Amino acid sequence: MQLRTVIGIDIGGSKTHGVRSADGVRVAEAVAGSANIAAVGVAEAGRQLDALLADLDPAGVDAVCAGAAGADGTASVGSLERLLADRVPGARVLVVHDARLVLAAAGLDDGVALISGTGSVAWGSRSDGTEARAGGWGHLLGDEGGGYRIALDAVRHALDRMDAGLPVDTLTAALLEHCGLTTREQLIDHVYDTQDRRYWAERAGAVAELADRGDAAATSILDMAADALAALATRVLDRLDGHGPVVLGGGVAVHQPRLQRAVRDRLPDVEVRVLTEAPVTGAVRLAAALADPEQGSHPAQEGAVPELARTGREPRA
């Protein structure tokens, strides 16, 4: 049996995580800055891939798979494919949306990846190759259930109480503390001056902490997030004829047990798991399937843009 050497890459908004695997054994691992073309541009993405691959060694690689937040359009996918093909000569190359890595990292060909990170998206597939998605349209058009939206809902709650002449409540006080502010009025300028969505997504932890302690306002916001996430999963499940399980991924979903429980409560007839492997594991699995299709996974045909990769938006969850 021919031995296969592959590289899997998980490209996020702040870092790029890569693993080189030889015949199923991890032999090298590296981290570089973000190579997300939508966030940093083609030139910087190339520099970060150079740094990553210098540690992974691209020589003798049969296939490479990269999952990228924001790999949503023909142009961005094609640009990343070319960057990788130039740097890993002779290897087969596959670029997918990072949501796909979640399902692959869980070792599944059938099921739904439900991501709540900075934003939100659901993507699923069946072993016959059928795919479906819902959400992932970015903070201007959606991303309900993601960390950014959770934090902004808390800001709206604080400002609504201010407009109503009500005193600062526990949630507002916690939000101000996490932002380093002293008054509610400062929140308005702070939101408009701080456009980094990851910054606000990190403030979602303050909402979750208070919900764990029974705060009514925080609980309401987290329940709305769970409603939105369950709705995304349900849409994809319906289009896949109910093929589960649902695998929760993304920083918010993975690190907030209360949100996990709330999503499970809203999907009572579906198995809901939490991703326990790093997403890059999914990229390695997809690369291995690309190098040896007899392994049984179903990576997209090289050069094709799957259903999840057609909108050309900015980075997602």
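Nothing here was measured: the structure is a model prediction, and the numbers come from that model.

Criteria and cut-off values
Residues numbered from 1 in each chain as written. Predicted model: local features only at pLDDT ≥ 70, side-chain atom pairs only at ≥ 80, totals over all residues. Heavy atoms only, no water. Helix = DSSP H or I, 4+ residues; strand = E, 2+ residues; numbered from the N terminus. Buried < 20%, exposed > 50% of the residue type's maximum accessible area, 1.4 Å probe, protein only. Contact = heavy atoms within 4.5 Å. Areas by Shrake-Rupley, 256 points an atom, 1.4 Å probe, with all protein chains shown as cover. Axes fitted to C-alpha atoms, helices over the stretch in contact; angles between N-to-C directions. Parallel < 35°, antiparallel > 145°, perpendicular 65-115°, else oblique. Nonpolar A, V, L, I, M, F, W, Y, C, P; charged D, E, K, R; others polar. Pairing = 2+ DSSP bridges. Expected span 1.5 Å × (residues − 1). pLDDT = per-residue confidence, 0-100. Polar contact = N/O pair within 3.5 Å; in protein donor to acceptor, adjacent residues only side chain to side chain.

S.K.: Break down the overall build of the protein chain for me, citing the residues and quoting the values.
M.R.: Tallying secondary structure elements over the protein chain gives 12 helices and 10 strands in all. Classification of the 317 residues of the protein chain by burial places 55% in the buried group. Across the protein chain, every contact between residues at least 6 apart in sequence was considered, and the portion connecting residues at least 24 apart equals 68%. Taken as a whole, the protein chain presents about 13,500 Å² of accessible surface, with 48% of it coming from carbon and sulfur.

S.K.: Go over the packing of helix α4 (residues 98–105) against helix α12 (residues 279–291), please, and point to the residues and values.
M.R.: Axis separation between α4 and α12 bottoms out at 7 Å; the angle between their running directions is 85°. By the angle between their directions, the pair α4 and α12 is classed as roughly perpendicular. For the pair α4 and α12, contact is made by Arg100, Leu101, Ala104 and Ala105 and by Pro279, Thr281, Gly282, Ala283, Arg285 and Leu286, respectively. Looking at side-chain class alone, the contact of α4 with α12 contains 6 nonpolar, 2 polar and 2 charged residues.

S.K.: Account for the sheet that holds strand β5 (residues 92–97), naming residues and giving values.
M.R.: Spatially, the 5 strands line up as an open sheet ordered β3-β2-β1-β4-β5, and their pairing is mixed. The sheet terminates laterally at β3 (25–33) and β5, the two strands that pair on one side only. Each adjacent strand pair in this sheet contributes to an overall mean axis angle of 15°, direction not counted. Looking at chain direction, strand β1 (residues 5–11) and strand β2 (residues 15–22) are connected through 7 bridges and run antiparallel. Counterpart to Thr5 in the pairing with β2 is Ala22. Of the strands in this sheet, β1, β2, β3, β4 (63–68) and β5 are in contact with α12, which crosses β1 at around 140°.

S.K.: Describe in detail helix α5 (residues 147–163), supporting the description with residues and values.
M.R.: For α5, with 17 residues, the first-to-last C-alpha span of 25 Å sits near the 24 Å given by 1.5 Å per residue. Buried within α5 we find Gly147, Tyr148, Ile150, Ala151, Leu152, Asp153, Ala154, Val155, Ala158, Arg161 and Met162. Along its buried surface, α5 packs onto β6 (111–116), α6 (170–179), α7 (185–193), α8 (197–212), α9 (216–239) and α10 (251–255). Looking one or two residues past α5, Gly165 carries a phi angle of roughly 75°, positive in sign.

S.K.: Which residues make up the confidence of the model for the protein chain, and what values do they have?
M.R.: One rule of thumb: low pLDDT means the predicted coordinates there are not for detailed reading. Of all residues in the protein chain, 90% attain a pLDDT of 70 or more, and the chain-wide mean is 89. Below a pLDDT of 50 lies the segment residues 300–316, which in the model reaches 52 contacts outside its immediate sequence neighbourhood of four places, other chains included.

S.K.: Residue-level account of the environment of Asp196, with values.
M.R.: Along the polypeptide, Asp196 turns up in the loop between α7 and α8. Judged by relative accessible area, which is 37%, Asp196 ranks as partly exposed. Distance from Asp196 to Tyr148, taken between C-alpha atoms, is 9.5 Å for residues 48 residues apart in sequence. Here the side chain of Asp196 touches Arg198 through a polar contact of 3.0 Å, landing on its backbone nitrogen.

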